[in-house]
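The lines below spell out each chain.
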Amino acid sequence: MSARPASARPSVRPRKALLTTPLATALAVAGAVALTACDSGTSDGRADRPAGFVQGKDGTATVPAADRTRAPDLSGSTTRGAPLDVSRYRGGVVVLNVWSSTCGPCIAEAPALAKVARSTRSKGVRFVGINTGDTGTTQATSFEKQHAMPYPSLFDPAGKLLLRFPKGVLNPQFVPATIVLDKQGRPAARAIGSVGEDTLRAMIAPLLKEK
């Protein structure tokens, strides 16, 4: 009578372990993915590539003029509490940069963004940041002051502005990201991850030549 329960026990325990181990692994992977909201740009873009974007060899993606669609309404309060509507810059090239003050790649690209913003302003180029992920404006404004950012940023802690874009244009999980709008206010170029000065200029230059 006692032999039967004893023999049953070993067969149950290993089976239970085999069932829980994959679950624990899946949870661990999910947790790791959640922690990569500030991403360095290693995504291959397949999951968030919208129709019309053509991936380039330099890591940027562009949209032919004939395939471009108008960007959504991007308006609200800046990190300093001032109202801002991106549509007021229509007629010129606009560079949108999504960033967070605690994001390492965002810190790395800040000098290039500030430099290019200053040097292209006379050509009608306007830069606008979209600050997301920060819980308060104090963090964001400290970042702007520390890196001498010469342009405003919309305060978007929950990423609601990003979700206004058509699916695949911007993924709130990938920060930093840069979108360049053409003179008609349409997304024309995109870079996921930290961008350098040369990349920024290469994204902007062709759009300045368009009417």
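Quick caveat: nothing in here was measured; it's all calculated off a predicted structure.

(A) Spatial organisation of the pattern of salt bridges. One pass over the structure, following the stated rule, counts seven salt bridges. The closest approach of N and O atoms between Arg68 and Asp182, which form a salt bridge, is 2.9 Å. In this pair, Arg68 sits in the loop between strand S2 (60-62) and strand S3 (75-77) while Asp182 sits in the loop between strand S8 (177-181) and strand S9 (187-192), placing the two residues 114 residues apart along the sequence. Its salt-bridge partner being Glu197, residue Lys115 comes within 3.3 Å of it at the nearest N-O pair. Of this pair, Lys115 sits in helix H2 (residues 104-120) while Glu197 sits in helix H4 (residues 197-208), and the two are 82 residues apart along the sequence.

(B) Local environment of H4. Counted at 1.5 Å a residue, the expected span for H4 with its 12 residues is 16 Å, and the 16 Å between its end C-alpha atoms agrees. Three or more residues of H4 are buried, namely Leu200, Met203, Ile204 and Leu207. Angularly, the buried residues of H4 cover 85° about the axis, an arc narrow enough to put them on a single face. On its buried side, H4 packs onto S2, strand S5 (94-99), H2, strand S6 (126-131), S8 and S9.

(C) The arrangement of the packing of aromatic side chains in detail. Within this structure, the stated rule accounts for two aromatic pairs. Where Trp99 meets Phe143, the ring centres are 4.5 Å apart and the plane angle is 25°; that geometry is what we call stacked. Of this pair, Trp99 sits in strand S5 while Phe143 sits in helix H3 (residues 137-146), and the two are 44 residues apart along the sequence. A relative accessible area of 4% means that Trp99 is categorised as buried. The interplanar angle of 40° and the centroid separation of 5.5 Å between the aromatic rings of Phe127 and Tyr151 together place this pair among those described as tilted. You can see Phe127 sitting in strand S6 and its partner Tyr151 sitting in the loop between H3 and strand S7 (153-155), a full 24 residues away along the chain. As far as burial versus exposure is concerned, Phe127 and Tyr151 are alike and both buried.

(D) Representation of empty space enclosed by the protein in the model. In this structure the tally under the stated criterion is one cavity of 30 Å³ or more. In this model, the largest cavity occupies a volume close to 40 Å³. The wall of the largest cavity is formed by Asn97, Trp99, Cys106, Glu109, Ala110, Leu113, Phe143, Met149 and Tyr151. Among the elements of the structure, S5 and H2 are those that each provide at least two residues to the lining of the largest cavity. With four residues, H2 is the largest single contributor of residues to the lining of the largest cavity. For the lining of the largest cavity, the residue count by class is seven nonpolar, one polar and one charged.

What counts and what doesn't
Residues numbered from 1 in each chain as written. Predicted model: local features only at pLDDT ≥ 70, side-chain atom pairs only at ≥ 80, totals over all residues. Heavy atoms only, no water. Salt bridge = Lys/Arg side-chain N within 4 Å of Asp/Glu carboxyl O. Helix = DSSP H or I, 4+ residues; strand = E, 2+ residues; numbered from the N terminus. Expected span 1.5 Å × (residues − 1). Buried < 20%, exposed > 50% of the residue type's maximum accessible area, 1.4 Å probe, protein only. Arc of directions from axis to C-beta. Contact = heavy atoms within 4.5 Å. Phe/Tyr/Trp six-rings, centres within 6.5 Å; stacked < 30°, edge-to-face > 60°. 1 Å grid on protein atoms, 1.4 Å probe; cavity = no way out; pocket = protein on both sides within 12 Å on 5 of 7 lines; lining within 4 Å. Points joined across faces, edges and corners; volume = space filled by probe spheres on them. Nonpolar A, V, L, I, M, F, W, Y, C, P; charged D, E, K, R; others polar.

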